[in-house]
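The residues making up each chain are set out below.
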Amino acid sequence: MRKLVLLSLFFVISCTTKQAKKELQKSEKAVSNYIDLNSNPVDLSIYGGKKILINYWATWCAPCIKEMPELLKAQEILKEHNYVFLLTSDEDISVITEFKNKTNYNFTFLKYSKSLASLGIYSMPTTVVFDEKGKKIETIVGSVKWDSEEMIQKLKAL
């Protein structure tokens, strides 16, 4: 009888904990920290089933800007390999928009509404790659030759 009571208690606590976790995940998803250049929240789950490459950058970061033409080439090459590239900054939307209009780069630019330090990003550029299920699979800190054969092959293999 005691085992039955303990088992029942374990089941109730386990179910309650699982339900609480589900509710927390729902509320976290409801609040997006990513915003498009029209001030609309962006839920990254819309890219489910695709590999996501998020490049964290800033308009004042010379290495970030220097690697953008190569990122653009890599984006074109990897499009057929199920990749989405998102260039994300924590600067004001107006600053990001002005940069986009001035340079005319064909990226999906986003604003991160919190500081990048809240993500553990302390140097730029920093790039994070997620698999099709949304699991982080690679973090690259610093400038990279994105369109090099070596980097393209590495990203294809992820």
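Nothing here was measured: the structure is a model prediction, and the numbers come from that model.

1. As for the overall build of the chain
Across its full length, the chain carries five helices and seven strands. Starting at the N terminus and walking to the C terminus, you meet the elements of the chain as α-β-β-β-α-α-β-α-β-β-β-α. Taking all 158 residues of the chain together, the buried fraction comes to 37%. Counting only carbon and sulfur atoms, one obtains 57% of the accessible surface of the chain, whose full area is about 9,900 Å².

2. Structural notes on the pairing of strand β4 (residues 83-89)
For β4, a buried count of seven out of seven residues is recorded, marking the element as mostly surrounded by other parts of the structure. Neither face of β4 is exposed, since Tyr-83, Phe-85, Leu-87 and Ser-89 on one face and Val-84, Leu-86 and Thr-88 on the opposite face are all buried. In this sheet, β4 lies alongside strand β3 (residues 51-56) in parallel orientation, the contact comprising six bridges. Directly across from Lys-51, in β4, lies its bridge partner Tyr-83.

3. Some details on the packing of aromatic side chains
If you walk through the whole model with that rule in mind, you get eight aromatic pairs. Arranged with centres 5.0 Å apart and planes meeting at 65°, the rings of Tyr-34 and Tyr-112 form a pair that is edge-to-face. Taken together, the residues Tyr-34 in strand β1 (residues 34-35) and Tyr-112 in strand β5 (residues 108-112) connect sequence positions 78 residues apart. Joined through ring pairs, the aromatic side chains of Trp-57, Phe-99, Tyr-105, Phe-107 and Phe-109 make up one cluster.

4. Some thoughts on the environment of Val-84
With respect to the element layout, Val-84 can be found in strand β4. Note on Val-84: relative accessible area 13%, which makes it buried. On a C-alpha basis, the gap between Val-84 and Tyr-47 in space is 7.6 Å, while along the polypeptide they are 37 residues apart. Once residues within four sequence positions are removed from consideration, Val-84 is found in contact with Tyr-47, Lys-50, Lys-51, Ile-52 and Leu-53.

5. A short note on the pairing of β3
Judged by how many residues are buried, β3 sits mostly within the fold: six of six residues are covered. Taken together, the five bridges between β3 and strand β6 (residues 126-130) define a ladder with antiparallel strand orientation. Residue pairing in the sheet places Asn-55 in a bridge with Thr-127 of β6.

6. A look at the sheet that holds β1
Pairing is mixed across the open sheet formed by seven strands, whose spatial order is β2-β1-β5-β4-β3-β6-β7. Of all the strands in the sheet, just β2 (41-42) and β7 (136-141) have a single pairing partner and so form its edges. Sheet analysis places β4 next to β5, joined by four bridges and oriented parallel. Bridge pairing in β5 places Leu-86 opposite Thr-108. With respect to the sheet, helix α3 (residues 68-78) is in contact with β3 and β4, its orientation differing from that of β4 by roughly 155°.

The rules we used
Residues numbered from 1 in each chain as written. Predicted model: local features only at pLDDT ≥ 70, side-chain atom pairs only at ≥ 80, totals over all residues. Heavy atoms only, no water. Helix = DSSP H or I, 4+ residues; strand = E, 2+ residues; numbered from the N terminus. Buried < 20%, exposed > 50% of the residue type's maximum accessible area, 1.4 Å probe, protein only. Areas by Shrake-Rupley, 256 points an atom, 1.4 Å probe, with all protein chains shown as cover. Pairing = 2+ DSSP bridges. Phe/Tyr/Trp six-rings, centres within 6.5 Å; stacked < 30°, edge-to-face > 60°. Contact = heavy atoms within 4.5 Å. Axes fitted to C-alpha atoms, helices over the stretch in contact; angles between N-to-C directions.

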